[in-house]
Amino acid sequence: MTGSKDSRCAFVTGASQGIGRAIASRLAAEGWSLALVARRSEVLAEVASTLKGAPSVTCHACDVGDADQVTAAVAAAVEAHGQIDALVNNAGITQDALLVRMKPEQWEKVLRVNLDGTYYCIREVAPRMMRQRSGRIVNIASVVGQMGNAGQANYCASKAGVIGLTKATARELASRGVTVNAVAPGFIETEMTADLPESAVTQMKGQIPLQRLGTPEDVAACVAFLLSDAASYVTGQVLNCDGGMVMRG
Ligand code: NAP
């Protein structure tokens, strides 16, 4: 660990690359202390070494789909930082297949990391935030949790679950001064989408009113807003960061 216990601390899962790394970078620049979480500790350490502006940074190797590992990571982060003021549930995976060919292990693994992992982190952090009578939780969902996507039944179900979990938790925690919101990214340029063929990317852009893929920094800006004082009256909401793909009335 580097730094002091005096600043606000954000616990960010999936911080070793992509959107989670951009969230860590943005929050560091805003002066948050950070507890970075992912499975690969050496990559987390490299990310931590590049962050500018964070008063203190700790790294926690943890599979969020393992309840015991989450319990240990949250306890270590609280020990190091004093308390957790913000939880960003960003860790997520895909294992795509058409439903009729999807193996039970593919279904189970994606649900375990994306949905169970989000639940495990909230379950550990929320009681502490309730005692503090303050806290912010942001869950990273996806537009496909709202729209569906062929070949991603497991992923879509997990992200729709994250949206339901967000709303239920927002209602349960509101009276304790804790807000819970989701960000639903559209197509974002990360390693998760890097392997897509050019034709798929062109087809995607055709579905996006703003005519470009999003960047991890676009998503990080939405998360930073939901963690800011400006969002103190916002809870139970899904903020789409998707170039206009999904427009709801
Ligand atoms: P990514 O580049 O594949 O990064 C995923 C991150 O999650 C990595 O840091 C990975 O680190 C971590 N992770 C994976 N499994 C984990 C586990 N079991 N326990 C702890 N950490 C784990 O993905 P991304 O594109 O940045 O996506 C981040 C989030 O945004 C995900 O929830 C994803 O579903 C969502 N999203 C992405 C897009 C997009 O277009 N990219 C669109 C909508 C939503 P380790 O490998 O070190 O564990």
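Computed from a predicted model, the values in this text were never measured in an experiment. (Residues numbered from 1 in each chain as written. Predicted model: local features only at pLDDT ≥ 70, side-chain atom pairs only at ≥ 80, totals over all residues. Heavy atoms only, no water.)

Student: Give me the overall build of the protein chain: which residues, what numbers.
Tutor: The secondary structure content of the protein chain amounts to eight helices and seven strands. Relative to the compact-globule value of 18 Å for 249 residues, the protein chain shows a C-alpha radius of gyration of 17 Å, a close match. On the principal axes, the C-alpha backbone points of the protein chain span a range of 50 × 40 × 35 Å. In the protein chain, which comprises 249 residues, the proportion classed as buried is 52%. Put simply, 71% of the contacts in the protein chain that link residues at least 6 apart link residues at least 24 apart. Working note: accessible area of the protein chain is about 11,500 Å², and carbon and sulfur atoms make up 51% of it. (Helix = DSSP H or I, 4+ residues; strand = E, 2+ residues; numbered from the N terminus. Rg over C-alpha atoms; globule rule 2.2 N^0.38 Å. Buried < 20%, exposed > 50% of the residue type's maximum accessible area, 1.4 Å probe, protein only. Contact = heavy atoms within 4.5 Å. Areas by Shrake-Rupley, 256 points an atom, 1.4 Å probe, with all protein chains shown as cover.)

Student: So what's going on with the site of the ligand? Residues and values would help.
Tutor: Near the ligand, the surroundings consist of 29 residues, among which Ser 16, Arg 39, Arg 40, Tyr 155 and Thr 190 are the closest. In this structure, an oxygen atom belonging to the ligand sits 2.8 Å away from a side-chain N or O atom of Gln 17. A distance of 3.4 Å separates a nitrogen atom of the ligand from a polar atom in the backbone of Cys 62. Burial of the ligand by the protein amounts to 95% of the accessible area it has alone, namely 890 Å². Counting atoms within 2 Å of the grid points, the majority share of the ligand lands in the largest pocket. Secondary-structure elements contributing two or more residues to the shell around the ligand are helix H1 (18-29) and helix H6 (153-173). (Near = heavy atom within 4 Å. Polar contact = N/O pair within 3.5 Å; in protein donor to acceptor, adjacent residues only side chain to side chain. 1 Å grid on protein atoms, 1.4 Å probe; cavity = no way out; pocket = protein on both sides within 12 Å on 5 of 7 lines; lining within 4 Å. Sits in = over half its atoms within 2 Å of the grid points.)

Student: Give a detailed account of the layout of surface pockets, specifying residues and quantitative values.
Tutor: Counted as a void, the largest pocket has a volume near 1,100 Å³. Surrounding the largest pocket, 45 residues form its lining, Gly 92, Ile 93, Thr 94, Tyr 155 and Met 192 being those nearest its centre. Counting only elements with at least two residues in the lining of the largest pocket, the list comes to H1, strand S2 (33-38), helix H4 (104-132), H6 and helix H7 (198-206). Here the residues of the lining of the largest pocket sort into 22 nonpolar, 17 polar and six charged. (Points joined across faces, edges and corners; volume = space filled by probe spheres on them. Nonpolar A, V, L, I, M, F, W, Y, C, P; charged D, E, K, R; others polar.)

Student: Describe the packing of H1 against helix H8 (residues 216-227), and please don't skip the residues or the numbers.
Tutor: For the pair H1 and H8, interaxial distance at closest approach is 8 Å and the crossing angle is 50 degrees. Regarding the angle of H1 to H8, the classification is oblique. As for the relative orientation of H1 and H8, their crossing is right-handed in sense. Here Gly 18, Ile 19, Ala 22, Ile 23, Arg 26 and Leu 27 of H1 come into contact with H8, specifically with Pro 216, Glu 217, Val 219, Ala 220, Ala 221, Val 223, Ala 224 and Leu 227. Here the residues of the contact of H1 with H8 sort into eleven nonpolar, one polar and two charged. (Axes fitted to C-alpha atoms, helices over the stretch in contact; angles between N-to-C directions. Parallel < 35°, antiparallel > 145°, perpendicular 65-115°, else oblique. Left-handed = near helix turned anticlockwise from the far one by under 90°.)

Student: Report on the environment of Gln 106, specifying residues and quantitative values.
Tutor: Secondary-structure assignment places Gln 106 in helix H4. Once the C-alpha coordinates of Gln 106 and Ala 15 are considered, the two residues, 91 residues apart in sequence, prove to be 23 Å apart. Those residues in contact with Gln 106 that sit more than four places away from it in its chain are Gln 95, Asp 96, Ala 97, Arg 101 and Asn 154.

Student: I'd like to hear about the sheet that holds strand S5 (residues 135-140), residue by residue, with values.
Tutor: Reading across from one edge, S3-S2-S1-S4-S5-S6-S7 is the order of the seven strands in this open sheet, with parallel pairing throughout. Two strands in the sheet have a free side with no partner beyond their single neighbour: strand S3 (57-61) and strand S7 (238-241). Taking each pair of neighbouring strands and ignoring which way they run, the sheet shows an average axis angle of 15 degrees. In terms of strand pairing, strand S6 (residues 178-185) meets S7 through four bridges, oriented parallel. Paired with Ala 182 across the strands is Val 238, a residue of S7. (Pairing = 2+ DSSP bridges.)

Student: So what's going on with the packing of helix H3 (residues 67-81) against H4? Which residues, and what values?
Tutor: Two numbers describe how H3 lies on H4: the axes approach to 9 Å, and their chain directions differ by 35 degrees. At the point where H3 passes H4, the crossing takes the right-handed sense. Along its contact with H3, which presents Ala 67, Val 70, Thr 71, Val 74, Ala 75 and Val 78, the element H4 presents Tyr 120, Cys 121, Arg 123, Glu 124, Val 125 and Arg 128.

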